[in-house]
Amino acid sequence: MVMTADSPGKKIEVDGLRLRYGAKEVIHGISFHVEPHEIFAIIGPAQSGKTSLLRCINRTIEFTAGTRVGGKVLVDGEDVQQVKSVYELRRRIGMVAPLPVGLPLSIYDNVAFAPRAAGVRGKDDLDGLIERCLRQAALWDEVKDRLDSLGTKLSGGQQQRLTIARALSHQPEVLCLDEFSIAIDPVTTMRIEDVLKELKNEMTIILVTNLVQQARRLASRTMFLWNGNIVEVDRNEVIFSDAPASKHTLDYVNGIFG
Amino acid sequence: MGDGAIDLAAAAAERRQRASVVARGAASRRRRWELVGESALEWLIRLCGVSAIVFVFGIFFFVLREGAGFLFHGLNLRQFLFSTEWYPTSQSNVRYGVLALIVGTFSVTTLAMLIAVPFGLGAAVFVSEFCSRRMREGLKIVIELLAAIPSVVWGFIGLGVLNPLIQKVFRVPVGLNVLNGALLLALMSVPIMVSIGEDALKAVPDSYREAALALGATRWQIVYRVLLPAAKNGLLAAVLLGVGRAVGETMAVLMATGHAVNIPHSPFDPVRTLTATIAAELGEAAAGSQHYQVLFIIGILLFSITFVVNFTADLVVKGIRKR
């Protein structure tokens, strides 16, 4: 991992980020940072800009027509707008979408997609990698006998875990999970949460979640995003205490609004 | 379960009764008309669906009836299918062998598809994935215009433009040959493939593209790793409609392939196709004569070929879906 002088201990630094969809600004100049090897939770009601924020980090936001990004996102001190290869940047950042998208390929090919795109060809390498990723996503036992059937035929919860396996397949430095537990039952959710606690040693995790308790369980720091503004970002001990800096945070965390 | 159903039925009856009390007169009359209209519409749609089947069988039946007499009494089927001698109007030595015509049809169609499939699918991918919105609108108008050109006009282009061009470029004495016909058929089927292929690609949800994008795939990797597998049924349909157009096309190949009954040895040999033979000779054959009936039997043959092509395609698509 390369660390430049101006970002000590900052895996991701967001500086004055603004995002417009056409005439409508949805993120109003926010700044925060994510430390290496932490689980950083982002909570907030719908339409707060949580998903858009993630898409700014790996620059898939450019895929949507009419978006304009202002401010800076730095990964390892490097401006994502100025990286040499945006494809390489995206492979450094694993992304799990809220609604699972199994690509119309076999389960094996789904997980092998990113490694192949990056140039991994050896059958043995791929086999090992795919088994490891599927195990980490708690899916291996259910699919090991039918790796060549279509990924889109899996149930919603299985597809979600498939996308997690896929996001791990390119061995990302940062793993972004966007409400990964929407389609999964509580038991599987707990299994994946355990996996995330272990993965923390290998990578930095950004967890966007609607479940306040999930943020409390997993994260070391939590950011409360509301209508494109940061209400509060702090250590969990503060956010989930009786006296966070903002009364809004207290109300949201305790389910009084949102 | 049974009690529950009775309860429900009773509740529904009660509701109906109450409704009828509330909505008397105009309202209930309107509802009756709505019901009548709805069932009438249902029958109309059913009729449309059934009529398609009726028409196909009707066409098959009438073509078969015209040719049946000779097909079942007198025609030497082996000679018909495996002889290259086609002398339908000879006084002394009548021969009805259509092998050369079959080979003619297949050679022109195959060459046409070899040209048209890469171009058609490539253009579909370009229009759907790689060009700007403005350019896409322009291209689509031009492509639709191309699909609307009548086949006789294509025939003229074959005679007047491609014929001298082929003579000059390939240094051959005659430019009316397999290559000429295949180029025309390719030009005619590409627009169909592009517009249907583009629809198929556009139908692939954007979430697939975005998921692949997030995995670090380049635009090309998205196309051949995600879009082509996801849209393969639609793309196959696009190709098959192109094939259908090529097999069935008559006028352009009649004018451009040289009209010589001949098994081709190179793309520069003239050939004659099944369709062109029917078009050229039916007007001169006396109604009911053997020659006339043989032309209808060729029609049955064409019908069978299209049926086999469609049926195979269906099996292929089902096979893909099952996996």
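Everything below is about the structure printed above this text.
Residues numbered from 1 in each chain as written. Chains lettered and ligands numbered in written order. Predicted model: local features only at pLDDT ≥ 70, side-chain atom pairs only at ≥ 80, totals over all residues. Heavy atoms only, no water.

Undergrad: Is there a simple way to explain the nonpolar core in this structure?
TA: One broad rule of soluble globular proteins: the nonpolar side chains tend to lie buried together. Residue and element names in this part refer to chain B. In terms of nonpolar packing, the biggest core is built from 51 residues, with Phe 80, Trp 86, Val 98, Leu 185, Leu 274 and Ile 298 touching the most fellow members. At the level of secondary structure, the elements contributing two or more residues to this core comprise α2 (26–72), α4 (99–130), α6 (151–170), α7 (178–202), α10 (232–248), α11 (251–256), α12 (274–281) and α13 (290–322). Among the domains, domain 1 (2–73) and domain 2 (81–322) are the pair contributing at least three residues each to this core. (Core = buried A, V, L, I, M, F, W, Y, C linked by side-chain atoms within 4.5 Å. Buried < 20%, exposed > 50% of the residue type's maximum accessible area, 1.4 Å probe, protein only. Helix = DSSP H or I, 4+ residues; strand = E, 2+ residues; numbered from the N terminus. Domains from an automatic or database assignment.)

Undergrad: Sorry if this is basic, but what is going on with the interface of chain A and chain B here?
TA: Interfaces are often sized by the accessible area lost when the parts come together. Across the boundary between the two partners, chain A contributes 25 residues, which contact 22 residues of chain B. When chain A packs against chain B, the two sides together hide about 2,000 Å² of surface, and 65% of this comes from carbon and sulfur. Contact with chain B buries surface across chain A, with Phe 63, Pro 104 and Phe 113 of chain A losing the most and accounting together for 30% of the total. Here chain A and chain B share three residue pairs in polar contact (both at pLDDT 80 or more) between them. Contributing elements (two or more residues each) for the side of chain A that touches chain B: α2 (86–92), β6 (93–96) and α3 (107–118) of chain A. With four residues, α3 of chain A is the single largest residue contributor to the side of chain A that touches chain B. Residues belonging to the side of chain A that touches chain B are distributed by class as follows: 12 nonpolar, five polar and eight charged. (Contact = heavy atoms within 4.5 Å. Buried area = accessible area lost by both parts, 1.4 Å probe. Polar contact = N/O pair within 3.5 Å; in protein donor to acceptor, adjacent residues only side chain to side chain. Nonpolar A, V, L, I, M, F, W, Y, C, P; charged D, E, K, R; others polar.)

Undergrad: Can you help me understand the pattern of salt bridges in this one?
TA: Note on pairing: side chains with opposite charge can pair once their charged atoms come close. Residue and element names in this part refer to chain A. For the structure shown, the criterion picks out 27 salt bridges over all chains. The salt bridge partner of Lys 11 is Glu 173, with a shortest N-O separation of 2.9 Å. With Lys 11 in the segment before β1 (12–21) and Glu 173 in the loop between α6 (156–169) and β7 (174–178), this pair connects stretches of sequence that are 162 residues apart. Overall, the relative accessible area of 2% leaves Lys 11 in the buried class. Overall, the relative accessible area of 28% leaves Glu 173 in the partly exposed class. (Salt bridge = Lys/Arg side-chain N within 4 Å of Asp/Glu carboxyl O.)

Undergrad: Any chance you could explain the sheet that holds strand β2 (residues 24–34) of chain A here in plain terms?
TA: In any sheet, the strands associate via hydrogen bonds between backbone groups, in a parallel or an antiparallel arrangement. Residues and elements named next belong to chain A. With antiparallel pairing, the four strands of this open sheet are ordered in space as β2-β1-β4-β5. Looking at the sheet topology across the chains shown, the edges are occupied by β2 and β5 (78–79). Sheet analysis places β1 next to strand β4 (residues 67–75), joined by eight bridges and oriented antiparallel. Of the residues in β4, the one forming a bridge with Leu 19 is Val 69. Of the strands in this sheet, β1, β2 and β4 touch helix α1 (residues 50–57), which is tilted by about 115° from β1. (Pairing = 2+ DSSP bridges. Axes fitted to C-alpha atoms, helices over the stretch in contact; angles between N-to-C directions.)

Bear in mind that shape data such as this cannot, by itself, settle questions of function.
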